[in-house]
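Spelled out from the first residue to the last, the chains are:
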Amino acid sequence: MTALDDQDDAFTDGNALAGALSEVFAVDLTAAESRCANCGRTGPVGALRVYARAPGFVARCPGCGHVVLRLVRGPGTVWLDLRGAVALAVPVDD
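Going by the annotation in an unreviewed UniProt entry, the name recorded for the protein chain is Hydrogenase maturation nickel metallochaperone HypA, with Actinomadura geliboluensis given as the source organism.

Here it is as structure tokens:
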């Protein structure tokens, strides 16, 4: 897949995931650093390109377009797939 540009399908930034991720985690994951399993690009979850047309959220690397994160909510359940991230570094208060 080639690098994404601003002409692709409508997307928002990773901050659109804040509400859904806060239902699962006690910390703000939009500030967490993620590393793309495909190209190695590192950056905050808030910088991922989020597509919300599907039943849930699909967050793609802004560099190569690889799916980094998938999140789907159902009644009483949240499915979170982070297979596209090599690492997720979450900032914590010391």
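So that's the structure; there's more coming.
K.L.:
Before we move on, can you summarise the side chain of Thr-30 with the specific residues and values?
P.N.:
If you trace the backbone, Thr-30 turns up in the loop between α1 (18-22) and β2 (33-36). Taking relative accessible area as the criterion, Thr-30 reaches 9% and is therefore assigned buried. One polar contact links Thr-30 to Asp-28, side chain to side chain, over a distance of 2.6 Å. Not counting residues within four places of it along the chain, the set of residues in contact with Thr-30 comprises Gly-14, Asn-15, Ala-18, Pro-44, Val-45 and Gly-46.

K.L.:
Please provide a residue-by-residue account of the packing of aromatic side chains, values included.
P.N.:
Within this structure, the stated rule accounts for one aromatic pair. Relative to Tyr-51, the ring of Phe-11 has its centre 5.8 Å away and its plane inclined at 50°; by these criteria the two rings are tilted. Residue Phe-11 is found in the segment before β1 (12-13), and its partner Tyr-51 is found in strand β4 (residues 49-51); the two are separated by 40 residues along the sequence. Judged by relative accessible area, which is 14%, Tyr-51 ranks as buried.

K.L.:
Mind laying out the sheet that holds strand β8 (residues 85-89), listing which residues take part and the relevant values?
P.N.:
In space, the three strands of this open sheet follow the order β3-β2-β8, with antiparallel pairing throughout. If you trace the sheet from one side to the other, it starts and ends with β3 (42-44) and β8, each paired once. Averaged over all adjacent pairs, the angle separating strand axes in this sheet is 25°, with direction ignored.

K.L.:
Give a description of the environment of Gly-65 that names residues and reports values.
P.N.:
For Gly-65, the location among the structural elements is in the loop between β5 (57-60) and β6 (67-74). Once the C-alpha coordinates of Gly-65 and Asn-38 are considered, the two residues, 27 residues apart in sequence, prove to be 9.0 Å apart.

Conventions used here
- Residues numbered from 1 in each chain as written.
- Predicted model: local features only at pLDDT ≥ 70, side-chain atom pairs only at ≥ 80, totals over all residues.
- Heavy atoms only, no water.
- Helix = DSSP H or I, 4+ residues; strand = E, 2+ residues; numbered from the N terminus.
- Buried < 20%, exposed > 50% of the residue type's maximum accessible area, 1.4 Å probe, protein only.
- Polar contact = N/O pair within 3.5 Å; in protein donor to acceptor, adjacent residues only side chain to side chain.
- Contact = heavy atoms within 4.5 Å.
- Phe/Tyr/Trp six-rings, centres within 6.5 Å; stacked < 30°, edge-to-face > 60°.
- Pairing = 2+ DSSP bridges.
- Axes fitted to C-alpha atoms, helices over the stretch in contact; angles between N-to-C directions.

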